[in-house]
Amino acid sequence: MAKKKPTVALIYDFDGTLSPGNMQEFDFLKAIGIKNKNAFWKENNELIKRHEASNILCYMKLMLDKAHAAKVSVKRQKFIDFGESIELYNGVEEWFDLINQLGKEEGVTIQHYINSSGLKEMIEGTTIAKKFKEIYACSFMYEDDVAVWPAVAVDFTAKTQFLFMINKGISNISENAKVNEFKAEDERPVPFKHMIYFGDGETDIPCMKLIKQQGGNSIAVYKPKNQKKKKCAEKLVQENRVNFACPADYSKGSDIYNIVYAIIKQVKADFDFNKLQKDNQKKFAAK
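The model shown is predicted, which means the values in this text are computed figures rather than measured ones.

Q: Please provide a residue-by-residue account of the overall build of the protein chain, values included.
A: Helix and strand content of the protein chain: 10 helices and seven strands. At 20 Å, the protein chain has a C-alpha radius of gyration in line with the 19 Å of a compact globule built from 287 residues. Dimensions along the principal axes, computed over C-alpha positions, put the protein chain at roughly 75 × 40 × 35 Å. By the burial criterion, 46% of the 287 residues in the protein chain qualify as buried. For the protein chain, the distance from the average position of its 44 positive side-chain charges to the average position of its 38 negative side-chain charges is 4 Å.

Q: Before we move on, could you go through the environment of K49 and cite the residues and values that matter?
A: As for its placement among the helices and strands, K49 is situated in helix 2 (residues 37–51). Sequence-wise, K49 and V221 are 172 residues apart; in three dimensions their C-alpha atoms are separated by 29 Å.

Q: Please provide a residue-by-residue account of the side chain of E25, values included.
A: Checked against the element boundaries, E25 lands in the loop between strand 1 (7–12) and helix 1 (27–31). Judged by its relative accessible area of 18%, E25 is buried. Among residues more than four places away in sequence, those in contact with E25 are K37 and W41.

Q: Account for the nonpolar core, with residues named and values stated.
A: What tends to happen in soluble globular proteins is that the nonpolar side chains get buried as a cluster. Within the largest apolar cluster, 88 residues are counted, with the highest numbers of intra-cluster contacts made by L10, F79, W95, L119, F198, Y250 and V260. Considering every element that reaches this core, the biggest residue donor is helix 3 (residues 55–69), with eight residues. Those residues within four positions of F79 in sequence are excluded, and the remaining contacts are F28, M63, L64, V74, L119, E121, M122, F140, Y142 and A147.

Q: How would you explain the packing of aromatic side chains if you had to name every residue and give the values?
A: Scanning the model with the defined rule gives 17 aromatic pairs in all. Seen from their ring centres, F40 and W41 are 4.9 Å apart, and the 85 degrees between their planes marks the pair as edge-to-face. For the pair F40 and W41, one class covers both residues: buried. One Lys or Arg, K265, reaches over the ring of Y261 and ends 5.3 Å from the middle of that ring.

Q: I'd like a description of the pairing of strand 4 (residues 146–152), backed by residues and values.
A: Direction of pairing for strand 3 (residues 134–143) relative to strand 4: antiparallel, over a ladder of five bridges. Bridging from a neighbouring strand, M141 pairs with W149 of strand 4. Hairpin connection between strand 3 and strand 4: a loop of two residues separates the two successive antiparallel strands, and D144 in this loop has a positive phi of roughly 55 degrees.

Rules of the game
- Chains are numbered independently. Their residues run from 1 in the order of the written sequence.
- With pLDDT at 70 or above as the cut-off, local features in this predicted model cover only qualifying residues; side-chain atom pairs require 80 or more to be listed or tallied, and sums for whole chains, interfaces and linings still use all residues.
- In computing side-chain properties, one takes all heavy atoms of the structure into account and sets aside hydrogens as well as water.
- The secondary structure listing takes helices from DSSP runs of H or I that are at least 4 residues long and strands from runs of E that are at least 2 residues long, numbered from the N terminus.
- The size measure is the radius of gyration over C-alpha atoms, and the globule rule it meets is 2.2 Å times the number of residues to the 0.38 power.
- The cut-offs for exposure are 20% and 50% of the maximum accessible area for each residue type, with area from a 1.4 Å probe on protein chains only; residues under the lower value are buried, those over the upper are exposed, and the others partly exposed.
- Here the positive residues are Lys and Arg and the negative ones are Asp and Glu; neither His nor the chain ends is included.
- Charge placement uses NZ in Lys and CZ in Arg. For Asp and Glu, CG and CD serve respectively.
- Residues are treated as being in contact if the distance between any of their heavy atoms lies within 4.5 Å.
- We call a set of buried residues a nonpolar core when its members are Ala, Val, Leu, Ile, Met, Phe, Trp, Tyr or Cys and they connect through side-chain atoms within 4.5 Å of each other.
- Note on aromatic pairs: the rings of Phe, Tyr and Trp (six-membered ring only in Trp) are paired at centre separations within 6.5 Å, and the planes decide the class, stacked below 30 degrees, edge-to-face beyond 60, tilted for the rest.
- Our definition puts a charge over a ring when NZ of Lys or CZ of Arg is within 6 Å of the ring centre and also within 35 degrees of the ring normal.
- In this description, strands pair whenever DSSP reports at least two bridges between them.

So, in structure tokens, the structure goes:
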């Protein structure tokens, strides 16, 4: 059955993309008594080198170790509570309703997703958590509601896997085997060319490049007035890895807003054109 209107998926990294810092750097580090955020990440890097380990698994272990040492609760709800303090970039809280309204006006279904190497439980504690169709992120395994082990660790490889899950309409991470099952292109709920990816860091590059190569759009965002971050984002444009680079301002009328608005209109125009062409071809199909 032909779709009546297209679906556009907006897929966001979290740390550095929607928030100006790493989510651990707000109330969590304060709770475990670490005043210098760089000290935490330095220790994490030392763990990575010493054990030749995953940076994601190391930071998750370090969070648990530091919390236990400081006698801070590692219950699931406590991580959600830590998420309440996470700062967001200008315009983020209003952004989702703005884009949903644009989609409604243009006749496009809008879906928002998180694709992050951060902690899902903390993201669930933010004011924007309910705006997302799915939150793909790291999470802990819990016994008696206490975190004991990493359940999901999201590195750059896992991030690309989640794009295919969105593409094929697979929501449950435990069903990741379905990613490799055949599904005809016209049966996939969200074509890659209808995806918009927002990212800021190295773990986002494979996703941003993949979506761009498949006809979608990738936006490298950077902290406003941060020249170092700006140059990194601009370099991604120059290397043809992303379509756009913008300061992380999500308010109405910002660069990101105008670009996304233009993309939504283009997707709808292309959808309508293809439908018109197919309908015309049917009239003259051999009988």
